[in-house]
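As a plain string of letters, each chain reads:
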Amino acid sequence: MKTLIADCGSTSARWALFDSAGKSAPAATVTTPGFNASALGVDEIKRVITPAADIIGSANVIRFYGAGCRKGEPSERVAEALAAFAPEAGITVMPDIYASIHALAPDDTALVAIVGTGVNAVVASHGEIIDYVTSTGYILGDHGSGAALGRSLMDMYVSGRLPETLKKALEAEYGITPSSVIDSVYRGTSPRSFLGSFAPFLLRNAGDPAIAGLLDNSFSTFVSVSLLPLLTRHHVDIRLSGSIAFHFRPYIEKSLAALMPEARITAVTANPIDCIRS
């Protein structure tokens, strides 16, 4: 019995194949581009996951955790796309927050939040959601996410408020212009991922006062909007997943300490799939 576990965000997806239940180490892993199920049709999803076709086709059981995989049509589209490569497999599709819950709070109660390209925050108890903050997506919210950080940086860049040294460094590294940014955000195929791609630049330049201010504002808003409402209702610790949570943890902890000094982040993983057991 081979079990395939996939954790798919808007930017990337990680696939881990286990030969038998209970194994802690996968027999094979693959990383592919990610996607948001709410934004793509079945054929587009099949195209995106084609690089994982071999590992999908070898599985008897597939547990897919994905961004935008709400109950109903989005999850059904993903299941149909997976079935095209593994018609005999048993397929379960769940929202990506459950990957973080099953990885970080399978047996107790905690505030679990994804802070990656997007943001999602819930309180989970023994693997199930008991409270949550509504996610408004990268256009209206997702404060502190990679997309929101990139959105703030591009706002400064396009409007001419970015210091000249950072402007030149940004253009040299990414080959962008103000007009190309507008095209990518408003007419591109994946504006969420485009905006999230600037996170490494922000991390490398976090010591610049302009970037430091951007990070402070972004993560303070993340704490205020996504964490504090849940922490006022539940006295639990905080466990985070996602690339932004992992790489920007000190900045998140700084904002948390300023707004709620008694709160503690007790676990952070960049990749929930590394913590989930088959």
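Bear in mind the structure is a predicted one, so any value in this text is a computation, not a measurement.

Chemist: Is there a simple way to think about a nonpolar patch on the surface in this case?
Modeler: The grouping of Val158, Ile182 and Tyr186 at the surface amounts to a nonpolar patch, some 290 Å² of accessible area in total. Checked against the element boundaries, Val158 lands in helix α6 (residues 146–158). Of the residues examined, Val158 reaches a relative accessible area of 33% and is grouped as partly exposed.

Chemist: What am I meant to see in the packing of α6 against helix α8 (residues 178–186) here?
Modeler: Two packed helices can be described by the angle between their axes and the distance between those axes. Following both chains from N to C, one finds α6 and α8 inclined at 145 degrees, their axes separated by 10 Å at the closest point. The two elements α6 and α8 cross, and the hand of that crossing is left-handed. On α8, the residues touching Met154, Tyr157 and Val158 of α6 are Pro178, Val181 and Ile182. Tallied by class, the residues present in the contact of α6 with α8 amount to six nonpolar, no polar and no charged.

Chemist: Sorry if this is basic, but what is going on with the pattern of salt bridges here?
Modeler: Summed over the entire model, instances satisfying the criterion amount to 10 salt bridges. The residue Arg161 makes a salt bridge to Asp155 at a minimum N-O spacing of 2.6 Å. By relative accessible area, which is 47% here, Arg161 ends up partly exposed. Since its relative accessible area comes to 43%, Asp155 is described here as partly exposed.

Chemist: Help me out: how do you make sense of the sheet that holds strand β5 (residues 90–95) in this one?
Modeler: Adjacent strands of a sheet form backbone hydrogen bonds with each other and so pair up, either parallel or antiparallel. A sheet is described by the order of its strands in space; here five strands give the open sequence β3-β2-β1-β4-β5, paired in mixed fashion. Of all the strands in the sheet, the pair left with one neighbour each is β3 (28–33) and β5. Averaged over all pairs of adjacent strands, the angle between their axes in this sheet comes to 15 degrees, without regard to strand direction. Relative to strand β4 (residues 61–66), strand β1 (residues 3–8) runs parallel, the two being bridged by six bridges. For Ile5, the partnering residue across the bridge sits in β4 and is Arg63.

Cut-offs used in this document
Residues numbered from 1 in each chain as written. Predicted model: local features only at pLDDT ≥ 70, side-chain atom pairs only at ≥ 80, totals over all residues. Heavy atoms only, no water. Patch = residues over 30% accessible without salt bridge, like charges linked within 9 Å, V, L, I, M, F, W, Y side chains within 5 Å. Areas by Shrake-Rupley, 256 points an atom, 1.4 Å probe, with all protein chains shown as cover. Salt bridge = Lys/Arg side-chain N within 4 Å of Asp/Glu carboxyl O. Helix = DSSP H or I, 4+ residues; strand = E, 2+ residues; numbered from the N terminus. Buried < 20%, exposed > 50% of the residue type's maximum accessible area, 1.4 Å probe, protein only. Axes fitted to C-alpha atoms, helices over the stretch in contact; angles between N-to-C directions. Left-handed = near helix turned anticlockwise from the far one by under 90°. Contact = heavy atoms within 4.5 Å. Nonpolar A, V, L, I, M, F, W, Y, C, P; charged D, E, K, R; others polar. Pairing = 2+ DSSP bridges.

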